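# Observations on the three-dimensional arrangement
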Amino acid sequence: MSANGWKGKLYWFVEVVTMLAVLQLMWIGLTLLGLVVLGISPATVGLFVVMRKRLQGQDSLRSLTSNYWATYKAEFINSNKIGIILIVIGYFLVLNLRIVLTINGTFGLLMITLMVMISILYAVMVMNIFQVFANYELPLLRYFSASLLLSISYPIQVIGSVMGLYVFYRGFLIIPGLLPFFGISVSILFLTWMSSQIFRLKGESDGSSQVEEVK
C-alpha cells in the first residue's frame, strides 16, 4: 500500500509498530519454547536476521514471521553452542572477579583493573556476536574473534550502540509498559542498523562487500 502525505506516514508508523510488537511477542514465545536457556540464543539470532531483512526492504509481516520461525529452527543447535560458550565464559568471569575482590594491595588493584577490562570486552562480544552470526557463515570459534575484532576496528559505532541502548533503557524506565512489547525488538532493530554500518564499512575497506553474507 502506498500513500502520500500524513496518511502515508501514519500507515508506515502503524506498520512498523505492529511489526515490532509481533516480533517481540515471537521472541518471548520462542525463548519460552526453548525453556529460556535453550531458546534465547536462537530466538535472538532469528530476530537479528529478520530485522536485517526489514532494513533491506522486506516489509511483509507474514514473510518476516515465517523467516523468523525458519531461522529459529535452522540455527537452533549452532546458536546454542555460542550461547552455552558465552554462559561458561560469563560464569568464570564472575567467579574470578569474586576471587580478585578478596585480594588487597596494589596487586589486587591491578587484577581488578584487568578483570574490568576483560569484562568490558566480554560485554561488547555478547552485544555483537549474534549479529556476526546472523550475517556470516564462519567456523564456530571465529564468531568470537570476529565480533571482538569488528568492535575494536570500529569503536565509534560500538560506542554509539552502547549509548543508544542506554537511551532506550532510560526510556523504558520512564514508560515501563512499553518494555514487554518493544524492549527487545526496538533494541535489536537499533543494533542491527548500527551493525549494518560496520559491515558496510568493512566491505568498503576490504572489497568484500556482502560476499560473505549467507544467512
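What comes next concerns the included structure. This one's a predicted model, so the numbers in the text were calculated from it and none came from an experiment. (Residues numbered from 1 in each chain as written. Predicted model: local features only at pLDDT ≥ 70, side-chain atom pairs only at ≥ 80, totals over all residues. Heavy atoms only, no water.)

A few words now on the pattern of salt bridges. Under the defined criterion, the tally for this structure stands at 1 salt bridge. Across the salt bridge formed by Arg54 and Glu15, the nearest N and O atoms sit 3.9 Å from each other. Of this pair, Arg54 sits in helix H2 (residues 40-55) while Glu15 sits in helix H1 (residues 5-33); the two residues are 39 residues apart in sequence, bridging distant segments of the chain. (Salt bridge = Lys/Arg side-chain N within 4 Å of Asp/Glu carboxyl O. Helix = DSSP H or I, 4+ residues; strand = E, 2+ residues; numbered from the N terminus.)

Glancing now at the packing of aromatic side chains. A full pass over the atoms with the stated rule returns 7 aromatic pairs. Considering the side-chain rings of Tyr72 and Phe76, the 5.7 Å spacing of their centres and the 65° angle between planes classify their relative orientation as edge-to-face. Between the aromatic rings of Phe168 and Phe190, the centroid separation amounts to 5.4 Å while the plane-to-plane angle is 85°, which identifies the pairing as edge-to-face. Residue Phe168 is found in helix H7 (residues 155-174), and its partner Phe190 is found in helix H8 (residues 179-206); the two are separated by 22 residues along the sequence. Accessibility expressed as a relative area gives 18% for Phe190, which makes it buried. Chaining the aromatic ring pairs together yields one cluster made of Trp69, Tyr72 and Phe76. (Phe/Tyr/Trp six-rings, centres within 6.5 Å; stacked < 30°, edge-to-face > 60°. Buried < 20%, exposed > 50% of the residue type's maximum accessible area, 1.4 Å probe, protein only.)

Turning to the side chain of Gln24, a few remarks are in order. Relative to the helices and strands, Gln24 is located in helix H1. Within polar-contact distance, the side chain of Gln24 engages the backbone nitrogen of Gly183 at 3.5 Å. Those residues within four positions of Gln24 in sequence are excluded, and the remaining contacts are Leu179, Pro180, Phe181, Phe182, Gly183, Ile184 and Ser185. (Polar contact = N/O pair within 3.5 Å; in protein donor to acceptor, adjacent residues only side chain to side chain. Contact = heavy atoms within 4.5 Å.)

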